[in-house]
Amino acid sequence: MYEHKPVLFKEALEGLDVKPDGVYVDATFGRGGHAAGILERLGGAGRLFAFDRDPEAVAHAKERFGDDKRFSITHMQFSRLEEGLATMGCVGSVDGVLLDLGVSSPQIDNPQRGFSFSHEGPLDMRMDTDGGQDALQFLRSVAERDLVRVLREYGEERFARKIASHLVQTRKRSPEVFSSGGLTSKGLADLIIEAIPFRDPNKHPATRTFQAIRIYLNRELDELRDVLPIAKSTLKVGARLCVIAFHSLEDRIVKRFMRDASRDDPVYAGLPDIPGHARATMKLVTKAVKPSRQEIEDNPRSRSAVLRVAERVL
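The rules behind these values
- Residues numbered from 1 in each chain as written.
- Predicted model: local features only at pLDDT ≥ 70, side-chain atom pairs only at ≥ 80, totals over all residues.
- Heavy atoms only, no water.
- 1 Å grid on protein atoms, 1.4 Å probe; cavity = no way out; pocket = protein on both sides within 12 Å on 5 of 7 lines; lining within 4 Å.
- Points joined across faces, edges and corners; volume = space filled by probe spheres on them.
- Nonpolar A, V, L, I, M, F, W, Y, C, P; charged D, E, K, R; others polar.
- Core = buried A, V, L, I, M, F, W, Y, C linked by side-chain atoms within 4.5 Å.
- Buried < 20%, exposed > 50% of the residue type's maximum accessible area, 1.4 Å probe, protein only.
- Contact = heavy atoms within 4.5 Å.
- Phe/Tyr/Trp six-rings, centres within 6.5 Å; stacked < 30°, edge-to-face > 60°.
- Helix = DSSP H or I, 4+ residues; strand = E, 2+ residues; numbered from the N terminus.
- Pairing = 2+ DSSP bridges.
- Axes fitted to C-alpha atoms, helices over the stretch in contact; angles between N-to-C directions.
- Right-handed = clockwise from strand over helix to strand, strands pointing away.
- Salt bridge = Lys/Arg side-chain N within 4 Å of Asp/Glu carboxyl O.
- Expected span 1.5 Å × (residues − 1).
- Bend = angle between axes of the 7 residues up to and from the residue.

Engineer: Could you clarify how one ought to interpret the layout of surface pockets in this entry?
Structural biologist: Taking a probe equal in size to a water molecule and rolling it over the atoms shows the remaining empty space. For the second largest pocket, the calculated volume is near 210 Å³. If you go around the second largest pocket, you meet 13 residues; those closest to its centre are Glu 157, Arg 158, Phe 159, Asp 200 and Arg 208. When the residues that make up the lining of the second largest pocket are grouped by side-chain class, the tally is 4 nonpolar, 2 polar and 7 charged.

Quick look at the structure:
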């Protein structure tokens, strides 16, 4: 069992450049590691608005910081960030937004959530357990060709066709395996192992499949594409957007967004006067920041993390 440790903690807070009287947004509260650091740096006039789609995270936030008048938490997916901030009257006046993507250690380590192939538990994988299709329901009904697409697109799984075929054939031969409560997270991992002909000694065979199903069910990449321009729009000039990604699919989206926002519209390249709507709206603050060797030794789950920071300039 891992102790929850906020990844790139010092680097993220430096990226946000927290001001004592500033207004900050932690759009993925998780278990509040980064939020605690922000609150430590805020004075009495500062504010921290937190959001999370996981009811357990929201409950934890209220228990941990509920008495702090500078803090509030909203149960909401971050693609609705503008809606949440509008009710608080601070759209366009935020000093920093933090997005810490992926799943938290408590989510992974809780067998009831179904995120881990190492635990025996219900095959759920939903970030928001209050509704939506869980992983077992998905696998019970998904067509083989669609499952292949999900595994390739969201997991970059090279054995996608073999895994999908094996799962669907097992479903046809033994439908009771996929009945309600029949297939567990460990059971799914075992089926994946049966399907894969070659093993990577450094990675569990089920890693990419679990990632793919989780990302698909929770619309994680769509949510990320939606939230980035929204997060930028909430920032005042000089404010920072900090994003911590944990795999290449996420980081590619963040990198492309920040790169494009930090460049003038190429249509006007070489012209002496560039209209306001075509000018860069952000500037890159740092290159990609990765965990130190020491952090990876202390917290192996940080090894794939990448932090990117951009500042609004227009």
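Now that the structure is up, let's keep going.
Engineer: I keep staring at the nonpolar core and nothing clicks. Help me out?
Structural biologist: As a rule of thumb, soluble globular proteins bury nonpolar side chains together. Judged by nonpolar contacts, the single largest core of 67 residues is most densely connected at Leu 99, Leu 139, Leu 188, Leu 228 and Leu 241. Apart from the residues lying within four places of it in its own chain, the contact partners of Leu 99 are Ala 27, Thr 28, Phe 78, Val 227, Leu 228, Leu 241, Cys 242, Val 243 and Ile 244. Formed by 27 residues, the second largest nonpolar core is a distinct cluster that contains Leu 8, Val 18, Leu 48 and Ile 73.

Engineer: I keep staring at the packing of aromatic side chains and nothing clicks. Help me out?
Structural biologist: Aromatic ring pairs: the centre-centre distance and the angle between the two ring planes describe each pair. Enumeration according to the criterion identifies 7 aromatic pairs in this entry. On the numbers, 6.1 Å between centres and 85° between planes, the contact of Phe 29 with Phe 65 is edge-to-face. Of the two residues, Phe 29 sits in the loop between strand S1 (23-26) and helix H2 (33-41) while Phe 65 sits in helix H3 (residues 55-65), which places them 36 residues apart along the sequence. The class of Phe 65 is buried, set by a relative accessible area of 11%. The interplanar angle of 55° and the centroid separation of 5.9 Å between the aromatic rings of Phe 29 and Phe 71 together place this pair among those described as tilted. Residue Phe 29 is located in the loop between S1 and H2, and its partner Phe 71 is located in strand S3 (residues 71-75); the two are separated by 42 residues in the primary sequence. Phe 71 shares its class with Phe 29; the two are buried. Three or more aromatic residues link up through ring pairs in this structure, and these residues are Phe 29, Phe 65 and Phe 71.

Engineer: What exactly am I supposed to notice about the sheet that holds strand S7 (residues 306-312) here?
Structural biologist: In sheet architecture, strand pairing relies on hydrogen bonds along the backbone and comes in two forms, parallel and antiparallel. In space, the 7 strands of this open sheet follow the order S3-S2-S1-S4-S5-S7-S6, with mixed pairing throughout. With partners counted over all chains shown, the strands left at the sheet margins are S3 and strand S6 (282-284), one partner each. Adjacent strand axes in the sheet meet at a mean angle of 20° when their direction is disregarded. Against the sheet, helix H11 (residues 220-234) touches strand S4 (94-100), strand S5 (235-245), S6 and S7, its axis set at about 150° to S5.

Engineer: How should I be thinking about the pairing of S3 in this particular structure?
Structural biologist: In this sheet, S3 lies alongside strand S2 (residues 47-52) in parallel orientation, the contact comprising 5 bridges. In the strand pairing of S3, Phe 49 is matched with Ser 72. Handedness of the β-α-β unit built from S2, H3 and S3 comes out right-handed.

Engineer: What should I look at first to understand the pattern of salt bridges in this one?
Structural biologist: If charged atoms from side chains of opposite charge come close, those side chains can pair. Scanning the entire structure with this criterion turns up 20 salt bridges. Look at the salt bridges and you will find they share partners, linking Arg 31, Asp 54, Glu 56 and Arg 113 into a network.

Engineer: Explanation requested: empty space enclosed by the protein in the structure shown.
Structural biologist: Counted by the stated rule, this structure contains 1 cavity of 30 Å³ or more. Here the largest cavity is characterised by a volume of approximately 30 Å³. Along the walls of the largest cavity sit Leu 139, Val 142, Leu 147, Leu 167, Val 168, Arg 171 and Phe 178, which together make up its complete lining. No other element matches helix H8 (residues 160-173), which puts 3 residues into the lining of the largest cavity. Class assignment of the residues belonging to the lining of the largest cavity gives a composition of 6 nonpolar, no polar and 1 charged.

Engineer: Please clarify how H11 should be interpreted in this entry.
Structural biologist: The periodicity of an α-helix, 3.6 residues per turn, causes residues three or four positions apart to be oriented the same way. With 15 residues, H11 should cover 21 Å at 1.5 Å per step; its first-to-last C-alpha distance of 21 Å lies within 8% of that length. In H11, a bend of some 30° at Val 227 exceeds every other bend along the element, and Pro 229, a proline, comes one to four places later. Taken together, the buried positions of H11 are Glu 220, Leu 221, Glu 223, Leu 224, Val 227, Leu 228, Ile 230, Ala 231, Lys 232 and Thr 234.

Engineer: Would you mind showing me how to read unusual backbone geometry here?
Structural biologist: One can expect most non-glycine residues to show negative phi and most peptide bonds to be in trans. In this structure, Leu 8 is a non-glycine residue whose phi angle is positive, near 50°. Residue position: Leu 8 is located in the segment before helix H1 (9-16).

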